[in-house]
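Tertiary structure, described
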Amino acid sequence: QAQLVESGGGLVQTGGSLRLSCAASGSIFNGVSMGWYRQAPGKQRELVASIDSYGSTNYAESVKGRFTISRDNAKSTAYLQMNSLKPEDTAVYYCVADRRWRLPVDPAYWGQGTQVTVSS
C-alpha cells in the first residue's frame with residue numbers, strides 16, 4: 001500500500017522558518033506529481049504548492065516568494081521550505097501525491113498531516 005509520511009511541523013514565531021518533509025513509499029514516488037495542502041480550523045482545505053513530474057512548480061498567491069516546494073527522487077522525499085511565516089500560515093499541512101504527471105484536484109494519496117503553528 002502506498003504511503004506518505006510527513007514530518008517537520010511544529011511551533012515557530014512569526015518570521016521564522018520550517019521545513020516539512022514527505023517520505024513516500026518507492027512504489028508511488030517516481031514520476032508522480034506531489035503537493036502540499038493545508039487546512040486551518042474553520043477554513044476550507046487549500047492547495048499551497050505543487051510540483052509535477054517534470055519539476056515545474058505552482059504556488060498559492062498567499063505563499064509565493066515565501067514557500068518553496070522541491071523533491072529528491074533519490075530519497076523518494078518531497079519538501080516544503082517555509083520562510084517568513086505568518087500567524088495565518090497556522091494549519092495542518094498534508095502531503096499529497098498522484099500518479100498523473102500534473103497534480104489533479106483529487107490527489108489519490110494523502111499523508112496523515114502535520115501541525116504548523118505560527119505564534120504572533
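Below you will find a few notes about this structure. (Residues numbered from 1 in each chain as written. Predicted model: local features only at pLDDT ≥ 70, side-chain atom pairs only at ≥ 80, totals over all residues. Heavy atoms only, no water.)

To continue, consider the overall build of the protein chain. Tallying secondary structure elements over the protein chain gives 1 helix and 11 strands in all. Shown N-terminal to C-terminal, the secondary structure of the protein chain runs as helices and strands in the order β-β-β-α-β-β-β-β-β-β-β-β. Against the 2.2 N^0.38 benchmark of 14 Å for 120 residues, the protein chain shows a C-alpha radius of gyration of 13 Å, consistent with a compact globule. Taken along the three principal axes of its C-alpha coordinates, the protein chain extends 40 × 30 × 25 Å. (Helix = DSSP H or I, 4+ residues; strand = E, 2+ residues; numbered from the N terminus. Rg over C-alpha atoms; globule rule 2.2 N^0.38 Å.)

A few words now on the sheet that holds strand 1 (residues 4–7). Read across the open sheet, the 4 strands follow the order 1-3-8-7; overall the sheet is antiparallel. Of all strands in the sheet, those with a lone pairing partner are strand 1 and strand 7 (67–72), marking the two edges. Between one strand axis and the next, the sheet turns through 15° on average, direction left out of account. Bridging between strand 7 and strand 8 (residues 77–82) involves 6 bridges; their strand directions are antiparallel. By the bridge assignment for strand 8, S70 is matched with Y79. (Pairing = 2+ DSSP bridges. Axes fitted to C-alpha atoms, helices over the stretch in contact; angles between N-to-C directions.)

Turning our attention to the layout of surface pockets. Within this model, the largest pocket holds a volume of roughly 150 Å³. In this structure, the largest pocket is lined by 13 residues; those nearest its centre are R38, A40, K43, E46 and E88. A class-by-class count of the residues in the lining of the largest pocket yields 2 nonpolar, 4 polar and 7 charged. (1 Å grid on protein atoms, 1.4 Å probe; cavity = no way out; pocket = protein on both sides within 12 Å on 5 of 7 lines; lining within 4 Å. Points joined across faces, edges and corners; volume = space filled by probe spheres on them. Nonpolar A, V, L, I, M, F, W, Y, C, P; charged D, E, K, R; others polar.)

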